Amino acid sequence: MSNTETDPAEVHCAPAACPRDEAGRPLVEVLTSRAVPLGGPRAMTVRRTLPQRNRSLIGAWCFADHYGPDDVSVTGGMDVAPHPHTGLQTVSWLFDGEIEHRDSAGVHAHVRPGEVNLMTGGHGICHSEVSTPDTTVLHGAQLWVALPDAARDAPRDFQHYAPDPVDLDGGSARVFLGTLAGASSPVSTFTPLIGAELRVDPGARLRLTVADDFEHGLLVDRGVLQWETTAVARGELGYRGAGPGELTVTNPTDRPARALLLGGPPFGEQIVMWWNFVGRSHEEIVAYRAAWQQQGERFGAVAGYRGPRPRLPAPPLPNGRLKPRGNPPPR
């Protein structure tokens, strides 16, 4: 998915210390979202929790949009014209609906509920995303993973995987990246990651063994979940730093709850994000934008897209250099 903001903020992402209690144990920090219109005549709106001022990275996860459930007859659904990416992998996960994907690697695929699509756009790729005519409700998440310096020039690639649900005491999990609860995804990434959909039964408590060198985020999609002693409501992203090897999530309500668990070891590199590009400097972002505007070979072209405009133009660069905007000290 594209960041279709017409005046995107430049973000300098760097690892930051996590909040901890007096005993040195990591606390759960709650990040609220901001509403971002995706454009179009009726402007489907997403809830963006990463990046933001309070936290820009969770492991290598650097971007999280959460949307729906949206009545497509009201919002107009999704129609994002071909747009570019560099230095990242996109991870698409749906709860309801269907999205048609086309990219400049020649891939034509569909995103469906319970199936992950991961696209690598290291050196450069472009793609389009359109909700299908049979979709009546659109509901899901679009996530980005920053590529480490050694892999950020990786060639175009696309992977698809449909994980089976794993029964847990008190719920279930679908592990689409990494390993959790005895299940492992075959989808390859350039840094260790965990990505899983968790379902928690009414009144139940999940105790999950996790890597103690991972930091974790919990994006709540349905209901309210209590992570350790902190409540995380729908649309919020809970964050906990690396440390304990167990994660405890409780559903205090009488209705099922659902969330996405995201994690990885703290990303030890600084990145600059602007629009749909991940780079390392102002000069790189300027060069990526120029290459896209000039329709050069770096990004290629998407075949078969028939939307109202052939491609998304890049927004104007801000006046002056792209300046760092890091995380504040832990609260």
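Residues numbered from 1 in each chain as written. Predicted model: local features only at pLDDT ≥ 70, side-chain atom pairs only at ≥ 80, totals over all residues. Heavy atoms only, no water.

In the annotation of an unreviewed UniProt entry, the entry for the protein reads Pirin, and the organism field reads Mycolicibacillus koreensis. Under the UniProt heading Sequence similarities (unreviewed entry), the note attached to the protein is "Belongs to the pirin family." (UniProt positions renumbered as here; feature names shortened; annotations may be inferred.)

Peer 1: Got a sec to walk through the sheet that holds strand β11 (residues 125–131)? Specific residues and values, please.
Peer 2: Ordered by their spatial adjacency, 4 strands build an open sheet running β6-β11-β8-β9, and the pairing between neighbours is antiparallel. The open sheet is flanked by β6 (79–85) and β9 (108–111), the only strands paired with a single partner. Taken pair by pair, the neighbouring strands of this sheet meet at an average axis angle of 25 degrees, ignoring direction. Where strand β8 (residues 99–103) and β9 come together, 4 bridges link them in antiparallel fashion. Residue pairing across strands places Arg-102 opposite His-108, the latter belonging to β9. (Pairing = 2+ DSSP bridges. Helix = DSSP H or I, 4+ residues; strand = E, 2+ residues; numbered from the N terminus. Axes fitted to C-alpha atoms, helices over the stretch in contact; angles between N-to-C directions.)

Peer 1: Can you explain the pairing of strand β19 (residues 205–209)? Please cite residues and give values.
Peer 2: Both faces of the sheet carry side chains from a regular strand, because those side chains alternate between them. Residues of β19 alternate between two faces, with Leu-206 and Leu-208 buried on one and Arg-205, Arg-207 and Thr-209 left unburied on the opposite face. Bridge count between β19 and strand β24 (residues 246–250): 5 bridges; the pairing is antiparallel. Each bridged residue has a counterpart across the sheet, and for Leu-208 the counterpart in β24 is Leu-247. (Buried < 20%, exposed > 50% of the residue type's maximum accessible area, 1.4 Å probe, protein only.)

Peer 1: Summarise the side chain of Ser-104; cite the residues concerned and give the values.
Peer 2: Looking at the secondary structure, you find Ser-104 in the loop between β8 and β9. Apart from residues lying up to four places away in sequence, Ser-104 is in contact with Ile-125, Cys-126, Arg-156, Phe-299, Gly-300, Ala-301 and Val-302. (Contact = heavy atoms within 4.5 Å.)

Peer 1: For unusual backbone geometry, give the residues involved together with the corresponding values.
Peer 2: Keep in mind that most residues, glycine aside, have a negative phi and that most peptide bonds are trans. In this model, Leu-50 is joined to Pro-51 through a cis peptide bond whose omega is -5 degrees. Mapped onto the fold, Pro-51 is located in the loop between β4 (45–50) and β5 (61–71). Residue Ala-181 is not a glycine yet carries a positive backbone phi of 50 degrees. Mapping Ala-181 onto the fold places it in the loop between β16 (179–180) and β17 (183–184).

Peer 1: Describe the pattern of salt bridges, with residues and values.
Peer 2: Following the criterion strictly, the structure yields 11 salt bridges and no others. The partner of Arg-321 in a salt bridge is Glu-283, and the shortest N-O contact between them spans 2.8 Å. One end of the pair, Arg-321, is in the segment after α2 (282–293); the other, Glu-283, is in helix α2, with 38 residues separating them in the sequence. Connected through salt bridges with shared partners, the residues Asp-149, Arg-152 and Glu-284 form a single ionic network. (Salt bridge = Lys/Arg side-chain N within 4 Å of Asp/Glu carboxyl O.)

Peer 1: I'd like a description of the UniProt feature "binding site: Fe cation" (unreviewed entry) in the protein, backed by residues and values.
Peer 2: Taking the UniProt record as the reference, the feature "binding site: Fe cation" (unreviewed entry) is found at His-83, His-85, His-127 and Glu-129. In terms of the greatest pairwise C-alpha distance, the residues named above, spread along 47 residues, form a tight cluster of at most 13.4 Å across. Separated by 2.8 Å, the side chain of His-83 and the backbone oxygen of Ala-81 make a polar contact. As for its placement among the helices and strands, His-85 is situated in strand β6. Here the side chain of His-85 touches His-127 through a polar contact of 3.2 Å, side chain to side chain. (Polar contact = N/O pair within 3.5 Å; in protein donor to acceptor, adjacent residues only side chain to side chain.)

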